[in-house]
Structures are given as structure tokens and as C-alpha cells.
Amino acid sequence: MSGAKKIAFFDAKKYDREYFDAANKTHGFSIKYFEDRLVPDTAMLARGYDAVCAFVNDRINASVSETLSSYGIKIIALRCAGYNNVDLKAVYGNINVVRVPEYSPYAVAEHALALMMALNRKTHRAYYRVRDNNFSISGLLGFDMRGKTAGIIGTGRIGRVLAGILEGLGMEVLAYDLHPDKDLASGAGAKYVALEELYARADIISLHCPLNKDTEHMINAGAIAAMKKGVMIINTGRGKLIDTKALISGLKQGKVGYAGLDVYEEESEYFFEDLSSSFIADDVLARLMTFPNVLITSHQGFFTSEALRNIADTTLGNLSEFFSGGILKNEICYRCEKEPCLKKQGKRCF
Ligand code: NAI
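Residues numbered from 1 in each chain as written. Predicted model: local features only at pLDDT ≥ 70, side-chain atom pairs only at ≥ 80, totals over all residues. Heavy atoms only, no water.

Engineer: When you look at the packing of aromatic side chains in this model, what are you seeing that I'm missing?
Structural biologist: Geometrically, a pair of aromatic rings is defined through the distance of the ring centres and the angle of the planes. In this structure the tally under the stated criterion is 13 aromatic pairs. Ring plane angle 65° and centroid distance 4.6 Å describe the contact between Tyr-15 and Phe-303, whose orientation is recorded as edge-to-face. With Tyr-15 in helix α1 (residues 14-23) and Phe-303 in the loop between β12 (294-296) and α12 (305-323), this residue pair connects regions lying 288 residues apart in the sequence. For Tyr-15, a relative accessible area of 23% puts it in the partly exposed group. A relative accessible area of 39% means that Phe-303 is categorised as partly exposed. Note on Phe-55 and Phe-302: the rings are 5.5 Å apart at their centroids and 65° apart in plane angle, and the pair reads as edge-to-face. Of this pair, Phe-55 sits in the loop between β3 (51-54) and α2 (62-70) while Phe-302 sits in the loop between β12 and α12, placing them 247 residues apart in sequence. Among the residues examined, Phe-302 registers a relative accessible area of 6% and is labelled buried. Through pairs of rings, three or more aromatic residues link up here, namely Tyr-15, Phe-55, Phe-272, Phe-302 and Phe-303. Lying across the ring of Tyr-49, Lys-6 places its NZ or CZ 5.7 Å from the centre. (Phe/Tyr/Trp six-rings, centres within 6.5 Å; stacked < 30°, edge-to-face > 60°. Helix = DSSP H or I, 4+ residues; strand = E, 2+ residues; numbered from the N terminus. Buried < 20%, exposed > 50% of the residue type's maximum accessible area, 1.4 Å probe, protein only. Lys NZ or Arg CZ within 6 Å of the ring centre and 35° of its normal.)

Right under this line is the structure:
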């Protein structure tokens, strides 16, 4: 379409095309889908485009920022909520970064529940047994979730939804957040406690805080030592929240009873790709995959049709807002993180 703004869409999968092409009927952008991830070596693909659309494992560092800026690109639209893969300081002043802050907290919270349920009742193992005509239930013993204690770290959009779900199952819900949510605290269900108390009392711990300098490897050897023996750890947040080697050590000692991981700290080489004809060169990931009480999914927490529809609508809406000179309500920038946001004064961040 002549005159239409051109978008270089990185790390594109078939399902992205389907939902973005549908949403684009009301926006009329010209979208070029690249299967490559956006990294320093591939940034040159964006030459001649007006905007870039990126995902969780694209790496927007100083080098990528410099290349995109040299092509006159002024907007990167992340089609995800987390932005730990963007060097906000490097892009600030050159490229606006917008994201999709909320598309379906239910999708991720429900996936966290699915991991808990499967690990508890060992559904992932039962499935293979029955397919092999092995109808024995020995070794598949689970526990009632009712009456057990859950610990939710990070009670933002997703953590809050999960708190409600787990309360509905009759669990006691403990919560920890740097900024406790007054509504959640005043309700009958979740109770905010110190991290130490959460570690000491929770049977199931689920991570829903962002990845940043303070939270990187927050689940480390010390944290695991402070947890209950046999604890279940669920991570649908970001891989680097957990020191994987410490987790493996905890699993080997039986201190960690179960781990449900939708994210992994070195996932970018593997997740979202079909490597069934290849091999796993990452020995840490390969070791993790040997435990019967570890369930790994490939960053699919967000992957529901409702979420994909919302992601496509919001991402293209963000781009339309940029090109029409709007204030970019979903912008995230270095300045916003440090100082009062200029958007409160009805201005763009720079
Ligand atoms: P949110 O921004 O609504 O909530 C995050 C919460 O974490 C906030 O309440 C914040 O105060 C809290 N927090 C920040 N630092 C903390 C710390 N040091 N300790 C404890 N709490 C802290 O974010 P939302 O939408 O709930 O998403 C949470 C995370 O889930 C995202 O940052 C993203 O990394 C991940 N995510 C994963 C997806 C998946 O497909 N697996 C999809 C979407 C998000």
C-alpha cells in the first residue's frame, strides 16, 4: 500500500501474522514479517522502515539502537509487557519505546495454575503412562491444594488474578510486593508478609514481579535454603528471576519438590523454536529437563487467542498513536522510570 507507514516486524511466527493481519485491517500499515530476531547482526533489516515491532527475546541494546536511529527509526513497538530486553538508557532521546502493559493477566495466571496442577497431580507423567498402556498410579500421588499455603511474589496485574484463583481453591495466600496493593490487602484473602515469612511458610511460590537489577536471581541458594522442604516453585515471570544452578542444586537435595518454569534464563536460543531435529547444547537446561518433578513450557503463558488479539490491537494502536502525534500512553522510557512522567502533563517523554 503506497503511503502506508512501513513496519519491520521481527521474530515473526505464523500466529503473529494471523492476529496482526486481522488487527491491521483497521490501521492499514505495511507490515513486513521477518523470522529473524532483532539483534545487532539483524538490525540492518530495518533499513527503509518507519517502525520496528519486537518481542521478548529480541535484544535492543546500544548497538541496535544506534543502527535503527541511523535509519531514522523513531519508534519501537514491543508486542509484550516486559521490557527487560531493552536498554532504555541507550534508546532514550533517540527512539520511543511502547509496549502492551496489559493484554490478559488471566492468560498468564491461568498458565501458572496449570503448571501447579500438573506438577502436583503429575499429569505430565500420567499422560505418557496411559499412552503406553501403563495404568498404574503408583508414584502419581498428589496433595489437596485446599488448605495449603501459596506465596505470590509481585501482586501486579497477573499476581492479583492468581491470588483470586488460589483463594478460590481454598488456599491461604501470602503476598509480597515492594508496593502492596491496598485493595488486595483489605480483602478477605491475600495477606502481605515479609519475604522471609513467605519463604518459610509457602508450599507453592509463584513469581510475578518484573526482572530488573533488584530481582535478578532473587531465587538463589540463600532464598531456597529459607524455603520449606518440598516447596513448589513456579516461574512465569522472567527466567533470570531464578539462579538456575541453585534451583538444580535444590532439586537434587530434595529441598525443592517441584519446579514449573514457563521461562528460563537462557531461553532465547531455544524457546519458540522447533529444534526437534537438533540437540540441546545448554547443559544446565538439559539437566533441568531430566527431573520428573520439573515441568518446562516454552514461554507460552501469554498464548491465548484473547491475549493475541489484545496484543495486536494495542501494538498497532500504539503505532497509530505515534504516527498521529499522540502522547504515547503506553510508552516506557528511562526518564519515566526515574522521574515524574511527562505524560502526566500531556506531553511525550522526549
Ligand atoms: P505488573 O507491573 O502489573 O506487576 C508487577 C508487580 O511486581 C508490581 O506490583 C510491582 O510493584 C512488583 N514488584 C516490582 N519489583 C518487585 C520486587 N523487587 N519484589 C516484589 N515485587 C516487585 O506486571 P504484570 O503484568 O503482573 O507482569 C508481571 C511479569 O510477568 C512481567 O514483568 C513479565 O516479566 C511477566 N510476563 C510473563 C508472560 C509470559 O508469557 N510468561 C506474559 C506477560 C508478563
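Engineer: Help me understand the packing of helix α4 (residues 105-121) against helix α6 (residues 157-168) in this model?
Structural biologist: To characterise two packed helices, one gives the angle between the axes of the helices and the distance between these axes. Contact geometry of α4 with α6 gives a least axis separation of 8 Å together with a crossing angle of 50°. In terms of their interaxial angle, α4 and α6 are classed as oblique. In the crossing of α4 with α6, the sense of the turn from one axis to the other is right-handed. Every residue of α6 that contacts α4 at Pro-105, Tyr-106, Val-108, Ala-109, Glu-110, Ala-112, Leu-113 and Met-116 is listed here: Arg-157, Ile-158, Val-161, Leu-162, Ile-165 and Leu-166. (Axes fitted to C-alpha atoms, helices over the stretch in contact; angles between N-to-C directions. Parallel < 35°, antiparallel > 145°, perpendicular 65-115°, else oblique. Left-handed = near helix turned anticlockwise from the far one by under 90°. Contact = heavy atoms within 4.5 Å.)

Engineer: Hey, could you run me through the nonpolar core in this one?
Structural biologist: When a protein is soluble and globular, its nonpolar side chains tend to lie buried together. By size, the foremost hydrophobic cluster in this structure holds 86 residues, and its most contacted members are Val-52, Leu-68 and Tyr-199. Top element by residues in this core is α12. It accounts for seven residues. Each of domain 1 (6-103 + 305-345) and domain 2 (105-296) contributes no fewer than three residues to this core. In this structure, Leu-119, Leu-184, Ile-204 and Tyr-258 belong to the second largest nonpolar core, which totals 25 residues. (Core = buried A, V, L, I, M, F, W, Y, C linked by side-chain atoms within 4.5 Å. Domains from an automatic or database assignment.)

Engineer: Would you explain the domain arrangement of the chain in this entry?
Structural biologist: One widely used convention gives an interface's size as the accessible area the parts lose upon coming together. Considered domain by domain, the chain is made up of domain 1 (6-103 + 305-345) and domain 2 (105-296). With 13 residues of domain 1 at the contact, the number on the domain 2 side is eleven residues. Both sides of the domain 1 and domain 2 interface together cover about 1,000 Å² of buried area, and 47% of this is carbon and sulfur. Contact with domain 2 buries surface across domain 1, with Arg-37, Asn-57 and Asn-84 losing the most and accounting together for 42% of the total. (Buried area = accessible area lost by both parts, 1.4 Å probe.)

Engineer: Is there a simple way to think about the pattern of salt bridges in this case?
Structural biologist: Side-chain pairs of opposite charge can arise whenever the charged atoms involved come near each other. Overall, the coordinates contain twelve salt bridges when judged by the stated rule. Glu-172 is paired through a salt bridge with Arg-201; the nearest N and O atoms lie 2.6 Å apart. Here Glu-172 is found in strand β7 (residues 172-176), whereas its partner Arg-201 is found in helix α8 (residues 195-201), with 29 residues between them in sequence. The class for Arg-201 is partly exposed, based on a relative accessible area of 28%. Two residues, Lys-228 and Asp-203, come together in a salt bridge whose shortest N-O distance is 2.9 Å. Of the two residues, Lys-228 is situated in the loop between α9 (221-225) and β10 (231-235) and Asp-203 in the loop between α8 and β9 (204-207); the sequence distance between them amounts to 25 residues. (Salt bridge = Lys/Arg side-chain N within 4 Å of Asp/Glu carboxyl O.)

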